[in-house]
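# Observations on the model geometry
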Amino acid sequence: DQQVKQNSPSLSVQEGRISILNCDYTNSMFDYFLWYKKYPAEGPTFLISISSIKDKNEDGRFTVFLNKSAKHLSLHIVPSQPGDSAVYFCAASKSGYALNFGKGTSLLVTP
Amino acid sequence: DTGVSQDPRHKITKRGQNVTFRCDPISEHNRLYWYRQTLGQGPEFLTYFQNEAQLEKSRLLSDRFSAERPKGSFSTLEIQRTEQGDSAMYLCASSLSGPQGVYGYTFGSGTRLTVV
């Protein structure tokens, strides 16, 4: 059973615009959420995280929003750059143990 | 410290052979995790260690799989009698856990296993 879902397999955005990647989860016990970026033949690279006591966390161009009542989180990248083109994975866990990943969203930022 | 290191990067083996992968975590991290990723999927949790103790194993970890972390530092993942379905990217991650939470959940570059 897929406890973390990324319903958009791909997204294309123009350079300079905002990229919004979405993620839904089903397990209300999840309290720690992360976003990873992945290039082919490499491991996932950590981008940003948020705990359930917050509803927003910012780091430079990256902001993660958490809506606990809707069991939804989103990653905003602004402004988007061509180097942001990669597969983005959402992950969730209980207390930071095993991560449950979505299937990923492939982001393409075009010049 | 250069992050989480995994060796080898690629392994091709014949069905039925045993393979062993190694992971060296970030030195100050006390937790070490193994994941498996197949094409079109996100990484799937296999097992994790807190120091040298293996505290959780996924149902994905069949009897043919065994993981160790003998001195609480590096870890090995062994697959016995490999099957074609074991072909995947095997990822190792480490993190630091403490009273304030979990920090620095970092992945290695993975070992790509191909069973022929």
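See the structure printed just above.
Now for a quick tour of the structure. (Residues numbered from 1 in each chain as written. Chains lettered and ligands numbered in written order. Predicted model: local features only at pLDDT ≥ 70, side-chain atom pairs only at ≥ 80, totals over all residues. Heavy atoms only, no water.)

### A look at the packing of aromatic side chains
For the structure shown, the criterion picks out 18 aromatic pairs over all chains. An angle of 45° between the planes, with centres 5.4 Å apart, marks the rings of Y97 of chain A and Y48 of chain B as tilted. Highlighted residues: Y97 of chain A in the loop between β9 (86-93) and β10 (100-101) and Y48 of chain B in strand β5 (residues 44-50), drawn from two different chains. Y48 of chain B sits in the buried class, given a relative accessible area of 4%. Aromatic side chains F45 of chain B and Y48 of chain B sit 6.5 Å apart centroid to centroid with 50° between the ring planes, which places their arrangement in the tilted category. In this pair, the class of F45 of chain B matches that of Y48 of chain B, namely buried. Ring pairs connect the aromatic residues Y36, F46, F89, Y97 and F101 of chain A together with Y33, Y35, F45, Y48, Y105 and F107 of chain B, which therefore count as one cluster. Looking at R22 of chain B, its charged tip hangs above the ring of F74 of chain B, at a distance of 3.9 Å from the centre. (Phe/Tyr/Trp six-rings, centres within 6.5 Å; stacked < 30°, edge-to-face > 60°. Helix = DSSP H or I, 4+ residues; strand = E, 2+ residues; numbered from the N terminus. Buried < 20%, exposed > 50% of the residue type's maximum accessible area, 1.4 Å probe, protein only. Lys NZ or Arg CZ within 6 Å of the ring centre and 35° of its normal.)

### Remarks on the sheet that holds strand β8 (residues 75-79) of chain B
Residue and element names in this part refer to chain B. One open sheet accounts for four strands, arranged β1-β3-β8-β7; its pairing is antiparallel. Edge positions in the open sheet fall to β1 (5-7) and β7 (65-68), since each of these has one partner strand only. Each neighbouring strand pair of the sheet contributes to a mean axis angle of 15°, computed without reference to strand direction. Bridging between β7 and β8 involves four bridges; their strand directions are antiparallel. Along β8, the bridge assignment pairs A67 with L77. (Pairing = 2+ DSSP bridges. Axes fitted to C-alpha atoms, helices over the stretch in contact; angles between N-to-C directions.)

### A short note on the pairing of strand β4 (residues 32-38) of chain A
Residue and element names in this part refer to chain A. Taking burial as the measure, the seven residues of β4 include seven buried ones, the bulk of the element. Side chains Y32, L34, Y36 and K38 project from β4 onto one buried face, and the interleaved F33, W35 and K37 project onto a second face that is buried too. Here β4 runs beside strand β5 (residues 45-51); their pairing, made up of six bridges, is antiparallel. What sits directly across from Y36, in β5, is F46. Judged from the seven bridges that link them, β4 and β9 form a sheet pairing that is antiparallel. Bridge assignment links L34 to a residue of β9, and that residue is A91.

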